[in-house]
Amino acid sequence: MQRALLAALIATFAIAAPAAAENFPSHPITVVVPFSAGGPSDAMMRILGERIKLSLGEAILVENTTGAGGSIGVGRVVHSPPDGYTVGFGHLGTHVANGAIYKLNYDLVADLEPVVLLPSNPMVIVSKNAVAARTLPELIDWLKSRPQPATAGTAGAGSGSHIAGLAFESAAGIKLQYVPYRGTGPALNDLVAGQIDIIVDQTSNSINQIRAGSIRAYAVTDSKRVEQAADIPTVDEAGLPNFHMTLWSGLWAPKGTPKEIIAKVNAAALDALMDPQTRKNLENLGLQMPPADKSTPEALGEWQKAEIAKWWPVIKAAHVAVD
Ligand code: MLT
């Protein structure tokens, strides 16, 4: 009896799954952004969502589930039904660094399906305007002259702004006091207000405040200048050679999400990246488009594994694990 019931269930599911994939999507899709609304991850996902909803024919609902360097939002996706209606935005911090920092109750590779690589962000070193420095060497001297370590805003341990801060500390020989927020959106507000001293931020987050003159920029962590902020020197030009760091992003789905559904979301995201207006909105924030040869779900999976192999030893050596 039980065997017959099981056979019937499997048969039903085997029939249902392709049908589900075929009819996907039949209602709105939730994209979990593991950081605050108004920050760089949120802004990128909302710009992409405007176009993706046209390709998929259903609304894209951005849900900001924040905390613990983004690991809580990623956990929300891991534990969601593998039906394509919940996918997660993430980046080098949430889908690489956090695995070396937190005792996660999930595996960043085994419990998630990579969907698509998204644009990347060169980081930019910014300070409140009250800092008595105009160049990067002057900023580093100012940071070294502080009786107490200067305060650096982050989106929590393991976030992009945190691992960029760690890399800046080791590159410049300085110490920083990290101030965690639920995203660099609110951290930037406090920088503008002079409540914290610096952020090593995603360019797309700080670019408008830099343009407005309400914060000061010293260098971008790339070998080439950001076209949309061409007056900001590279770290090489500013005197901190080879402190290169670009924060790449992506979308992931829960383990077991049908390949056909992942292929549909992948195609819709690639369509959005090719759409002239969407691309213009992203590039205007200084975002760099992902390489065309890394557009498949498999390519994101391989890239994530390579980044884990590269970054975990560095992060573990920094002894920043969170119990
Ligand atoms: C955010 O959207 O707040 C960022 O991605 C945070 C970070 O990782 O620094």
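Look up a bit, the structure's there.
So, a few notes on the structure that sits alongside this text. Keep in mind it's a predicted model, so treat the numbers as computed, not measured.

1. A closer look at the layout of surface pockets
Space inside the largest pocket adds up to approximately 340 Å³. Forming the boundary of the largest pocket are 20 residues, of which Thr-246, Trp-248, Trp-303, Glu-307 and Lys-310 lie nearest the centre. For the lining of the largest pocket, the secondary-structure elements that each account for two or more residues are β4 (112-127), β9 (246-254) and α12 (297-317). The element that contributes the greatest number of residues to the lining of the largest pocket is α12, accounting for five residues. In the lining of the largest pocket, the residues fall into twelve nonpolar, five polar and three charged.

2. As for the site of the ligand
Within the structure, the ligand sits among Phe-35, Pro-40, Ser-41, His-91, Ala-155, Ser-159, Gly-160, Ser-161, Gly-183, Thr-184 and Gln-202. Interatomic distance of 2.8 Å between a side-chain N/O atom of His-91 and an oxygen atom of the ligand. Within the contact set of the ligand, an oxygen atom lies 2.8 Å away from a backbone nitrogen or oxygen of Thr-184. Protein coverage of the free-state accessible area of the ligand, which is 260 Å², stands at 100%. Here the ligand is seated within the largest cavity.

3. Regarding the packing of aromatic side chains
Evaluation of the coordinates by the stated rule reveals four aromatic pairs. Note on Phe-24 and Tyr-85: the rings are 5.0 Å apart at their centroids and 55 degrees apart in plane angle, and the pair reads as tilted. Of this pair, Phe-24 sits in the loop between α1 (2-23) and β1 (29-33) while Tyr-85 is found in the loop between α3 (71-78) and β3 (86-91), placing the two residues 61 residues apart along the sequence. For Tyr-85, a relative accessible area of 13% translates into the label buried. Pairing Trp-248 with Trp-252 gives two aromatic rings, centres 6.3 Å apart and planes at 45 degrees, and the pair type is tilted. The exposure class of Trp-248 is buried, given its relative accessible area of 5%.

4. Notes on the pattern of salt bridges
Going through the model one piece at a time under the given rule, you end up with twelve salt bridges. Its salt-bridge partner being Arg-76, residue Glu-63 comes within 2.7 Å of it at the nearest N-O pair. Linking Glu-63 in strand β2 (residues 60-64) with Arg-76 in helix α3, this pair joins segments that are 13 residues apart in sequence. Take Arg-76: its relative accessible area is 30%, and that puts it in the partly exposed class. Salt bridges sharing partners connect three or more residues here, namely Arg-51, Asp-271 and Asp-275.

5. Thoughts on helix α2 (residues 40-56)
For α2, with 17 residues, the first-to-last C-alpha span of 24 Å sits near the 24 Å given by 1.5 Å per residue. Regarding α2, the residues found buried are Pro-40, Ser-41, Asp-42, Met-44, Met-45, Ile-47, Leu-48, Gly-49, Ile-52 and Leu-56. Note on α2: the residue one or two positions beyond its end, Gly-57, has a positive phi of about 75 degrees.

6. Let's talk about empty space enclosed by the protein
Evaluation of the coordinates by the stated rule reveals two cavities of 30 Å³ or more. The computed volume of the largest cavity comes to approximately 80 Å³. Lining the largest cavity, in full, are Phe-35, Pro-40, Ser-41, His-91, Met-123, Ala-155, Gly-160, Ser-161, Gly-183, Thr-184, Asp-201 and Gln-202. Counting residues per element, the ones that place at least two in the lining of the largest cavity are α2, α6 (160-172) and β7 (198-202). What the second largest cavity holds in volume is close to 50 Å³.

7. Some remarks on the side chain of Thr-203
Mapped onto the elements of the fold, Thr-203 is located in helix α8 (residues 203-212). There is a polar contact of 2.6 Å between the side chain of Thr-203 and the backbone oxygen of Pro-122. Beyond its immediate chain neighbours, meaning those up to four positions away, Thr-203 contacts Asn-121, Pro-122, Met-123, Val-124, Val-220, Val-226 and Leu-285.

8. With respect to the pairing of β9
Of all the nine residues making up β9, eight are buried; the element is thus mostly covered by neighbouring parts of the structure. Taken together, the four bridges between β3 and β9 define a ladder with antiparallel strand orientation. When the bridges of β9 are listed, Phe-89 appears paired with Leu-251. In this sheet, β9 lies alongside β4 in antiparallel orientation, the contact comprising nine bridges. When the sheet's bridge partners are listed, Ser-120 is paired in β9 with Trp-248.

What counts and how
- In every chain, residue numbers begin from 1 and rise along the written sequence.
- Local features are withheld for residues below a pLDDT of 70 in this predicted model, meaning they are given only at 70 or higher, and side-chain atom pairs are given and counted only at 80 or more; totals for whole chains, interfaces and linings count all residues.
- Working from all heavy atoms in the structure, the side-chain values ignore hydrogens and water.
- Put plainly, a pocket is an open set of points on a 1 Å grid over the protein atoms alone with protein on both sides within 12 Å along at least five of seven lines, a cavity is a set where a 1.4 Å probe fits but cannot get out, and a lining residue has an atom within 4 Å of a point.
- Grid points are joined across faces, edges and corners, and a volume is the space filled by probe spheres set on the points.
- The helix count covers DSSP runs of H or I at least four residues long, the strand count covers runs of E at least two residues long, and both are numbered beginning at the N terminus.
- Under this grouping Gly is polar, as are all residues other than the nonpolar Ala, Val, Leu, Ile, Met, Phe, Trp, Tyr, Cys and Pro and the charged Asp, Glu, Lys and Arg.
- Throughout, the term near means that a residue has one or more heavy atoms lying within 4 Å of the molecule or strand in question.
- In protein, a polar contact means a hydrogen-donor-capable atom and an acceptor-capable atom, both N or O and within 3.5 Å, with residues adjacent in sequence counting only if both atoms are side-chain atoms; elsewhere, any N or O pair within 3.5 Å suffices.
- All accessible areas in this document rest on Shrake-Rupley with a 1.4 Å probe, and a residue is counted as covered only by the protein chains that are shown.
- Pocket or cavity membership: a molecule qualifies when more than half of its atoms sit within 2 Å of the grid points of that site.
- Two rings from Phe, Tyr or Trp (for Trp, the six-membered ring) form a pair when their centres are within 6.5 Å of each other. A pair whose planes differ by under 30 degrees is stacked, one over 60 is edge-to-face, and the rest are tilted.
- In this scheme, a residue with accessible area under 20% of its type's maximum is buried, one over 50% is exposed, and one in between is partly exposed, where area comes from a 1.4 Å probe on protein chains only.
- Here, a salt bridge means any side-chain nitrogen of Lys or Arg that lies within 4 Å of a carboxyl oxygen of Asp or Glu.
- Each residue after the first adds 1.5 Å to the expected span of a helix.
- Throughout, a residue-residue contact means that at least one pair of heavy atoms, one from each residue, lies within 4.5 Å.
- Two strands qualify as a pair provided that DSSP identifies no fewer than 2 bridges between them.

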